[in-house]
Amino acid sequence: MTPAELRSQIVRGEWTTPTAGVLDDYQQANLVIVPQAQAYALLLFCLRNPKACPILAVGDAGDPWVPLPGAAIDIRTMLPRYRVWQHGHLVAEPTDIEAYWREDSVLILLGCSHTFDAPLRRAGIEVSSAAPPVYTTKVPNAPAGAMGGTLVVSMRPVPRGLVSQAVLVTARYPSGHGAPVQIGDPDALGINDLQAPDFGVVPPMGPDDVPVFWACGVTPQQVLPQLGSAYCISHYPGHMLVLDQRPEVFG
């Protein structure tokens with residue numbers, strides 16, 4: 001299966017599940033859509049928080065087609081699931097957003113940690129095919145205007161002897177959030193219960209496994225209500241856009 005074939009399955013309603021563990025070595029992307037009037041503020045937040053929000057592409061106002069080479073990608077239909085906010089309140093989690101797209105909508109694609117799962121596997125580090133557990137931390141983001149909030153992280157258990165290898169491997173993928181932000185000690189991030197993530201499923205952890213945390217593209221979802229915009233749209237956690245590009249294209 002190619003990324004284009006996967007997206008076709010999504011459009012036909014044949015794929016509605018997370019994209020973790022599929023199409024290894026292709027760039028996966030988080031999505032945020034905001035009105036043009038709020039796009040600058042969000043982009044400024046992303047630039048000030050590049051670990052959590054590595055920018056891959058930005059669309060023109062009102063244009064739902066992703067401005068990247070390759071097959072045409074309609075952002076309204078080619079993710080398995082979305083989240084929609086209106087005036088700061090979550091109102092829907094649909095499988096397409098054609099009814100919510102507006103003439104002033106600006107799409108922003110951000111990097112995703114699913115991108116480095118295949119390199120981790122090749123390094124001998126087992127990675128679950130399920131969406132990784134995601135936690136809201138108490139670590140403050142760099143503020144940008146009204147936007148601030150706290151960092152969101154994903155976690156993967158890594159055998160103690162392979163932690164340094166995990167750091168080296170993921171550091172090569174800034175479009176997948178790069179190197180970890182925390183190794184072990186979830187309390188340091190303000191995570192009180194590792195078994196109670198905000199999203200995703202905690203994979204089995206062996207006695208020698210260390211929880212390793214990476215910045216997560218769910219971070220902007222936590223601060224979108226601070227924009228005060230009439231609407232915002234994002235991907236549903238774990239349900240990403242799979243691009244035709246390899247991560248090396250994005251540096």
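Residues numbered from 1 in each chain as written. Predicted model: local features only at pLDDT ≥ 70, side-chain atom pairs only at ≥ 80, totals over all residues. Heavy atoms only, no water.

In the nomenclature of an unreviewed UniProt entry, the protein corresponds to Hydro-lyase from the organism Pseudomonas oryzihabitans.

Visitor: Explain the overall build of the protein here, please?
Guide: The helix and strand inventory of the protein stands at 5 helices and 11 strands. The C-alpha radius of gyration computed for the protein amounts to 17 Å, which stays within 12% of the reference 18 Å derived for 251 residues, consistent with globular compactness. Counting only C-alpha atoms and orienting by the principal axes, one finds that the protein spans roughly 50 × 40 × 30 Å. When each of the 251 residues of the protein is scored for burial, the buried share is 55%. Contacts spanning at least 24 positions in sequence make up 77% of the contacts within the protein whose residues lie at least 6 apart. (Helix = DSSP H or I, 4+ residues; strand = E, 2+ residues; numbered from the N terminus. Rg over C-alpha atoms; globule rule 2.2 N^0.38 Å. Buried < 20%, exposed > 50% of the residue type's maximum accessible area, 1.4 Å probe, protein only. Contact = heavy atoms within 4.5 Å.)

Visitor: So what exactly am I meant to see when it comes to empty space enclosed by the protein here?
Guide: Gaps between atoms show up when a probe of the same size as a water molecule is rolled over them. One pass over the structure, following the stated rule, counts 2 cavities of 30 Å³ or more. There is about 110 Å³ of room inside the largest cavity. The wall of the largest cavity is formed by 17 residues, among which His 114, Val 134, Cys 216, Gly 238 and Met 240 lie closest to the centre. Taken together, the residues of the lining of the largest cavity sort by class into 9 nonpolar, 8 polar and no charged. (1 Å grid on protein atoms, 1.4 Å probe; cavity = no way out; pocket = protein on both sides within 12 Å on 5 of 7 lines; lining within 4 Å. Points joined across faces, edges and corners; volume = space filled by probe spheres on them. Nonpolar A, V, L, I, M, F, W, Y, C, P; charged D, E, K, R; others polar.)

Visitor: How should helix H4 (residues 163-171) be read in this particular structure?
Guide: Given 3.6 residues per helical turn, the α-helix brings residues three or four places apart onto the same face. Those residues of H4 that fall on the buried side of the exposure criterion are Val 163, Ala 166, Val 169 and Thr 170. Down the axis of H4, the smallest arc covering the buried residues is 120°, so these residues share one side. Within H4, the exposed residues directed more than 90 degrees away from the buried face are Ser 164 and Leu 168. Next to the buried residues of H4 lie helix H3 (117-122), strand E7 (150-159), strand E8 (182-183) and strand E9 (209-215). (Arc of directions from axis to C-beta.)

Visitor: Would you explain the environment of Phe 213 in this entry?
Guide: In this fold, Phe 213 is placed in strand E9. For Phe 213, a relative accessible area of 0% corresponds to the buried category. Distance in space between the C-alpha atoms of Phe 213 and Tyr 135 is 9.3 Å, their sequence separation being 78 residues. Contacts of Phe 213, omitting those with residues within four sequence positions, involve Tyr 135, Val 153, Ser 154, Met 155, Pro 180, Val 181, Gln 182, Gly 184, Pro 186, Leu 189, Ile 191 and Leu 194.

Visitor: Explain the layout of surface pockets to me, please; I cannot follow it from the model alone.
Guide: Looking at the largest pocket, its volume works out to about 170 Å³. Glu 126, Val 127, Ser 128, Pro 157, Pro 159, Pro 203, Pro 204 and Asp 209 are the residues that line the largest pocket. Of the residues that constitute the lining of the largest pocket, the class distribution is 5 nonpolar, 1 polar and 2 charged.

Visitor: Whenever I open this one, the domain arrangement of the protein confuses me. Can you help?
Guide: Domains assigned within the protein are domain 1 (3-113 + 221-249) and domain 2 (114-219). Relative placement of domain 1 and domain 2: their C-alpha centres are 21 Å apart. Contact residues are listed per partner, giving 35 residues for domain 1 and 39 residues for domain 2. For the pairing of domain 1 and domain 2, the buried interface totals around 2900 Å² over both sides, and the portion due to carbon and sulfur atoms is 56%. Counting the surface domain 1 buries against domain 2, the share from its top three residues, Lys 51, Ser 113 and Gln 222, is 24%. Here domain 1 is connected to domain 2 by 2 salt bridges. Here Arg 121 makes a salt bridge to Asp 24, at a shortest N to O gap of 3.2 Å. Inspection of the region where domain 1 meets domain 2 yields 21 residue pairs in polar contact (both at pLDDT 80 or more). Contributing elements (two or more residues each) for the side of domain 1 that touches domain 2: strand E1 (28-35), helix H2 (36-48) and helix H5 (219-223). (Domains from an automatic or database assignment. Buried area = accessible area lost by both parts, 1.4 Å probe. Salt bridge = Lys/Arg side-chain N within 4 Å of Asp/Glu carboxyl O. Polar contact = N/O pair within 3.5 Å; in protein donor to acceptor, adjacent residues only side chain to side chain.)

Visitor: Can you walk me through H2 in this structure?
Guide: End to end, H2 covers 19 Å across 13 residues, agreeing with the expected 18 Å (1.5 Å per residue, within 8%). Looking at the packing, one finds that the buried side of H2 touches E1, strand E2 (55-58), strand E5 (105-111) and H5. (Expected span 1.5 Å × (residues − 1).)

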